[in-house]
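# Remarks on the overall topology
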Amino acid sequence: MSRLEVNNLLEVNNLLEVNNLRVDLPVEAGTLHAVRGIDFHVERGEMLCLVGESGCGKSMTSLALMGLLPRKARLTADRLQFDGIDLTTLPERRRSDLRGARMSMIFQEPMTALNPAYTLGNQLCEGLIRHRGVSRREARDRALYLLERVGISAAKDRLEQYPHQLSGGLRQRVMIAMALMCEPDLIIADEPTTALDVTIQAQILRLLRELQQEFGTAVIFITHDLGVVARIADRVAVMYAGEMIESAPTPALYANPAHPYTRGLLSCIPAPGKTPPGSRLQAIPGVVPSLVGSVEGCAFRNRCPQAQPACERTPPLMSLPGDHRARCHYADRPVPAPLQPEMSS
Amino acid sequence: MGTFIFRRVLVAMSVALTISIVSFMLLHLSGDLATSIAGPEATAEQVEQIRIDYGLDQPIVNQYLDWLGGALTFDFGHSYYYQSTVVDLIVDRMPITLTLGGVALALAVSISIPLGVLAALKRDTWVDRLALLFAVVGQAMPSFWFGLTLIVVFAVTLQWLPAAGSDGWQHFVLPAIALGYYATPAMMRLTRTGMLEVLESDYIRTARAKGLRTGAVIFKHALRNAIIPVVALAAVELGFMLGGSVVIESVFSLNGLGQLAWDAISRNDYPVVQAVVLIIALFYIVLTLLADVANAALDPRIRTR
Amino acid sequence: MTTSNVSATVSSARRPGASLGEVPLPVPAWSRVTRRIFGHRGLAIGLIVVGLAVLIAIFAPLLAPHDPYHQDIANRMVPPVWHDKGSWVHVLGTDKLGRDTLSRLLFGTRISLTIGLVVALISGIIGTTLGVLAGYFGGRVDAVISYIITTRLAMPVVLVALALASLTGGSLITVILLLGLLLWDRFAVVSRSVTQQMRDAEYVYAARTLGCSLPYILLREVLPNIAGSLIVVMTLEMAHAILLEATLSFLGMGVQPPLPSWGLMVAEGKAYMFFQPWVIAIPGIALFLLVLAINLLGDGLRDLNAPGGRN
């Protein structure tokens, strides 16, 4: 048995395996490397949070997983496996058999994600009818059950309504019900609460977490808000400039952030009781480097408070104890003291 | 929805009334009708006699009210030239023009919508460029000249189809092509832009994320939304085509409303001219009204408000 | 009764300045414009052909090999040069009265371009005035002007123009006036909707708070900002007017003989088209090319005006 086959057998339990995933987009000024070789996996039934600021490649990653990348985008990966199925070579027709059936997606904008021309019932049912070949009646029963399950009252009447007749929060609940229609193994939720009011956000988050635990569905939750993560995620992966710079179980990440960027993000969150009232929240100074063309060295070094000469070299992904990984030269050791003390004044 | 339609109908009726006034005034004020009718060789006495015979000596407001009173009961008076009432002439000729317009519209719709969809799906490929070329050429082609060219090629040289007359369906093929091509570019472009816009939309991504087949994504989810403005445009284009039928009917010697109007204009048969202008305007008004209703019916956001 | 049906033909307005795409390096404004023009094939072709047509119209007397009105019955219906019986004396042949087709074609450019320009100018002034007033004031003014636009749209242009031209006796001047008074609808629709978007723009608001007079605001703040859209409409209406003049003349109610209107040339050749098809082909193609070029120009300008891509 070759080593690769052994690996396959060992890791077949993971629902999703991603190795060295790259997404390139041709733009006017050259090639935009939106995702620059990321590795991660998703276990069955777990909730993984993908965190990063806008433009870090997290949405491109989710579209790549779903096979919904823009037509001009180019995807390469050493491995992109969903439940043992190689997604990189899967023909589009077979791929569409998976979409909506075994992996589904919830989008950021509930106001525009539903087709204005069809009733909610129609849009909820069509995926199930397509994938399972059930009758319209059976599909409606399932839709009705899920609408009630996601907390929509008068679900029966809602089936006959059009998207514009619902508020944003209700529409997002419908989107969640829609994602659950075929009992998928994986749901990708791309900032599903960003466009909603704060009170609604909390409700939707709680709902997603409940459903995820009830149905045992794995969820990739994409957000720019590290505050959200602590409440719901089993594991967290932080993305920066198209790379995955740190991943860890949620408690470990909060207790021991190993990457300076993660530490910066954490210090941006006001903590009740800890952050003194009236004090200024920290922001990370500087801007993300352009992803057009190649990035040399650590992508974060121009904003990093502790950048060192070594950071000119691209840092490896360092393994830390407890399934904790970080892409920083100094993830497992202290930053050397400044050589010339007078410069630090 | 009910009040919406009611308000539109009110506006439509008052527009029709305004047009009847404007066209009446334009015809009566832009020249001396009596002189025109009498012809260049008539003496002053003859002109005066015609003026009195046709009631043209009356104040113009009285003339209009007389005419309007008749028009409301579909009595447009007598033709100066034919031994017949204007209504009989119009009823006699209308089917030909409506057939021509209907066939031309069907032709235009069945070419422009598939072509627009295809161009949008194959954006920036040779298919798209070809479709665009087809549209640009159609916009620049003078319809009378296109009609004559069709006659020379298909009726005279190839002898596939008749060049003139209205005896059978074959007679409508060439005129319908000439008239339909005129309406195609605008609808094709609107379909294309609409599809491009819709295909970029979030709900198409949702539909694809559901794993729907490409056909269902394009036809059920995209086209259904992109087509709404095209339906409205089609109705308006039909109105324009009926108005433009005067050119095509004269080229192909089709004895429809347009030909009637042209004959009436060259023979100074003003009651007929007046009536045809009003009838064609009425068609346009009704069609745009239907377009608005269709728009509302097709778009749940308007329908269920 | 919506007027939006018509506005679909012209893309929505953009603020000037926003229309220049993201060019990474600072490039002088003029070379940026030329680059965009020649990067856009349709616009370049349109510009060149229209430019040629203008030159031909200006220099027609120098270019024409013969007097366009000179009749030579002995040499009637001479075929064009590529025909077996053609000759270089009459490159494009002669018509039924023995007049040189090429010369008439060259002089005809003058008629078409004059019609296009003057009609677009007249209708542009009428339509823009109505549209800007309706868009700026809204309310009652808008309701009345919109009603006028709706009424105008419902009038069958070809029929009304034919009837009026026949009554007034067709001539170049009456055709120009008629079309100018009829074709203002698109100007009104477009300038109305663009002005509506502009009415609440901050610089207009600022001018209002500063107490600028109404004519000042309309002429100095609003008009320059809708000029881009108006130029696009202008090209489209030029093409429209040229086609309509040809149609009227073809039907015998427009420009009268012996003027060398292209539509008239087609009409005069109609009787001979079965055996000498070039008599209608040549003026028809000239008409087609000119209108095509103007439309390409208009489409190109619209693309420059709206960076989102072509419509």
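Residues numbered from 1 in each chain as written. Chains lettered and ligands numbered in written order. Predicted model: local features only at pLDDT ≥ 70, side-chain atom pairs only at ≥ 80, totals over all residues. Heavy atoms only, no water.

### A word on the pattern of salt bridges
Using the criterion set out here, one finds 32 salt bridges over all chains in the structure. Put simply, Arg235 of chain A and Glu46 of chain A hold a salt bridge, and the shortest N to O gap is 2.8 Å. Linking Arg235 of chain A in strand β10 (residues 235–240) with Glu46 of chain A in the loop between β2 (30–43) and β3 (47–51), this pair joins segments that are 189 residues apart in sequence. For the pair shown, Arg235 of chain A and Glu46 of chain A are each scored as buried. Residues Asp299 of chain C and Arg302 of chain C are paired through a salt bridge, measuring 2.7 Å at the closest nitrogen-oxygen approach. Here Asp299 of chain C pairs with Arg302 of chain C, and both are found in helix α13 (residues 278–305), just three residues apart, close to one helical turn. By relative accessible area, which is 11% here, Asp299 of chain C ends up buried. On the basis of relative accessibility, which here comes to 7%, the residue Arg302 of chain C falls in the buried class. One salt-bridge network, in which partners are shared between bridges, spans Arg44, Asp83, Arg102 and Asp185 of chain A. (Salt bridge = Lys/Arg side-chain N within 4 Å of Asp/Glu carboxyl O. Helix = DSSP H or I, 4+ residues; strand = E, 2+ residues; numbered from the N terminus. Buried < 20%, exposed > 50% of the residue type's maximum accessible area, 1.4 Å probe, protein only.)

### Considerations on the interface of chain B and chain C
Facing the 57 residues of chain B at the interface are 46 residues of chain C. Between chain B and chain C the total buried area reaches about 4500 Å² when both faces are included, carbon and sulfur atoms providing 74% of it. Three residues, Phe144, Trp145 and Ile265 of chain B, lead the burial of chain B against chain C; their summed loss comes to 14% of the area buried on that side. Joining chain B to chain C, the criterion identifies one salt bridge. Between Arg189 of chain B and Asp299 of chain C there is a salt bridge, and its shortest N-O distance comes to 2.8 Å. For the side of chain B that touches chain C, the secondary-structure elements that each account for two or more residues are α1 (2–29), α2 (33–38), α6 (126–140), α7 (143–157), α8 (170–199), α10 (214–251), α11 (257–266) and α12 (270–298) of chain B. Top element by residues in the side of chain B that touches chain C is α12 of chain B. It accounts for eleven residues. Residues of the side of chain B that touches chain C, tallied by class, amount to 39 nonpolar, twelve polar and six charged. (Contact = heavy atoms within 4.5 Å. Buried area = accessible area lost by both parts, 1.4 Å probe. Nonpolar A, V, L, I, M, F, W, Y, C, P; charged D, E, K, R; others polar.)

### Concerning the nonpolar core
One finds Ile90, Phe144 and Val276 of chain B to be the most contacted residues of the largest nonpolar core, which totals 168 residues. For this core, the element with the most residues is α10 of chain B, which contributes 18 residues. Beyond its immediate sequence surroundings of up to four residues, Val276 of chain B is in contact with Ile90, Leu257, Leu260 and Ala261 of chain B together with Leu159 of chain C. Core analysis: the second largest hydrophobic core is formed by 110 residues, Phe40, Leu186, Ile245 and Ala248 of chain A among them. (Core = buried A, V, L, I, M, F, W, Y, C linked by side-chain atoms within 4.5 Å.)

### Here's the deal with the interface of chain A and chain B
In this complex, chain A contributes 32 residues to the contact, which on the side of chain B involves 19 residues. Each partner contributes to the roughly 2400 Å² buried at the junction of chain A and chain B, and carbon and sulfur atoms together form 50% of this total. In terms of surface lost to chain B, no three residues of chain A exceed Pro116, Tyr118 and Glu126 of chain A, which account for 21% of the buried area on that side. At the boundary of chain A and chain B, one finds three salt bridges. In this structure, Lys210 of chain B engages Glu126 of chain A in a salt bridge whose closest nitrogen and oxygen atoms are separated by 2.6 Å. Summed over the shared surface of chain A and chain B, the result is 16 residue pairs in polar contact (both at pLDDT 80 or more). Secondary-structure elements contributing two or more residues to the side of chain A that touches chain B are α2 (58–66), α3 (92–98), β7 (103–106), α4 (120–132) and α7 (168–180) of chain A. (Polar contact = N/O pair within 3.5 Å; in protein donor to acceptor, adjacent residues only side chain to side chain.)

### A short note on the packing of helix α5 (residues 86–121) of chain B against α11 of chain B
Residue and element names in this part refer to chain B. Between α5 and α11, the shortest axis-to-axis distance is 7 Å and the interhelical angle comes to 130 degrees. Overall, the two elements α5 and α11 adopt an arrangement that is oblique. Residues Leu89, Ile90, Arg93, Met94 and Thr97 of α5 touch α11, and the partners they reach there are Leu257, Gly258 and Leu260. Split into classes, the residues belonging to the contact of α5 with α11 amount to five nonpolar, two polar and one charged. (Axes fitted to C-alpha atoms, helices over the stretch in contact; angles between N-to-C directions. Parallel < 35°, antiparallel > 145°, perpendicular 65-115°, else oblique.)

### Overview of the packing of α5 of chain B against α6 of chain B
Residues and elements named next belong to chain B. As a packed pair, α5 and α6 sit with axes 8 Å apart at the nearest point and diverge in direction by 145 degrees. As for how α5 packs across α6, the hand of that crossing is left-handed. Across the interface between the two elements, Ile111, Leu115, Leu118 and Ala119 of α5 pack against Val127, Asp128, Ala131 and Phe134 of α6. Residue composition of the contact of α5 with α6, by class: seven nonpolar, no polar and one charged. (Left-handed = near helix turned anticlockwise from the far one by under 90°.)

### Remarks on the packing of aromatic side chains
With the rule as written, the count across this model stands at 14 aromatic pairs over all chains. Between the aromatic rings of Tyr261 of chain A and Phe300 of chain A, the centroid separation amounts to 5.2 Å while the plane-to-plane angle is 70 degrees, which identifies the pairing as edge-to-face. Taken as a pair, Tyr261 of chain A in helix α11 (residues 260–267) and Phe300 of chain A in the loop between α11 and β12 (318–320) lie far apart in primary sequence, 39 residues in all. The pair Tyr261 of chain A / Phe300 of chain A is uniform in exposure class, with both members buried. These aromatic residues form a ring-pair network of at least three members: Phe24, Tyr64, Trp67 and Phe76 of chain B. The side chain of Arg224 of chain B reaches across the aromatic face of Tyr118 of chain A, ending 5.9 Å from its centre. (Phe/Tyr/Trp six-rings, centres within 6.5 Å; stacked < 30°, edge-to-face > 60°. Lys NZ or Arg CZ within 6 Å of the ring centre and 35° of its normal.)

### Regarding unusual backbone geometry
Cis geometry marks the peptide bond from Pro257 of chain C to Pro258 of chain C, where omega comes out at 5 degrees. Although it is not a glycine, Asn20 of chain A sits at a positive phi angle of roughly 50 degrees. What makes Asn20 of chain A partly exposed here is its relative accessible area of 25%. Phi at Met77 of chain C is positive, roughly 55 degrees, even though this residue is not glycine. Residue placement: Met77 of chain C occurs in the loop between α4 (60–63) and α5 (101–137).

### Considerations on α10 of chain B
Between its first and last C-alpha, α10 of chain B extends only 45 Å over 38 residues, short of the 56 Å set by a 1.5 Å rise per residue. Of all bends in α10 of chain B, the biggest is about 50 degrees, found at Gly244 of chain B. (Expected span 1.5 Å × (residues − 1). Bend = angle between axes of the 7 residues up to and from the residue.)

### Here's the deal with the confidence of the model for chain A
Across chain A, pLDDT averages 85, with 90% of residues at or above 70. Low pLDDT, under 50, characterises residues 341–345 of chain A; the stretch is placed with zero contacts to residues that sit more than four places away or in other chains. (pLDDT = per-residue confidence, 0-100.)

### Observations regarding the sheet that holds β3 of chain A
Residues and elements named next belong to chain A. In space, the eight strands of this open sheet follow the order β7-β8-β9-β3-β10-β11-β13-β12, with mixed pairing throughout. The sheet is open, and its two borders are formed by β7 and β12, each paired with just one other strand. Going from strand to strand, the sheet's axes swing by 20 degrees on average, the running direction of each strand aside. Pairing of β3 with β10, which is carried by four bridges, proceeds in the parallel orientation. When the bridges of β10 are listed, Val51 appears paired with Val238. Across the sheet, α11 lies against β3, β10 and β11 (243–249), angled at about 105 degrees from β10, the strand it touches most. (Pairing = 2+ DSSP bridges.)

### Regarding the confidence of the model for chain C
All names here are of chain C. Predicted confidence across chain C gives a mean pLDDT of 82, with 86% of residues reaching 70 or more. Mean pLDDT per element in chain C: helix α1 (residues 4–7) is the minimum at 37, and α5 is the maximum at 94. Note that pLDDT drops below 50 for residues 1–27; the model gives that stretch 57 contacts with residues more than four away or on any other chain. Across the interfaces of the predicted complex, the ipTM metric reaches 0.88, alongside a pTM of 0.84.

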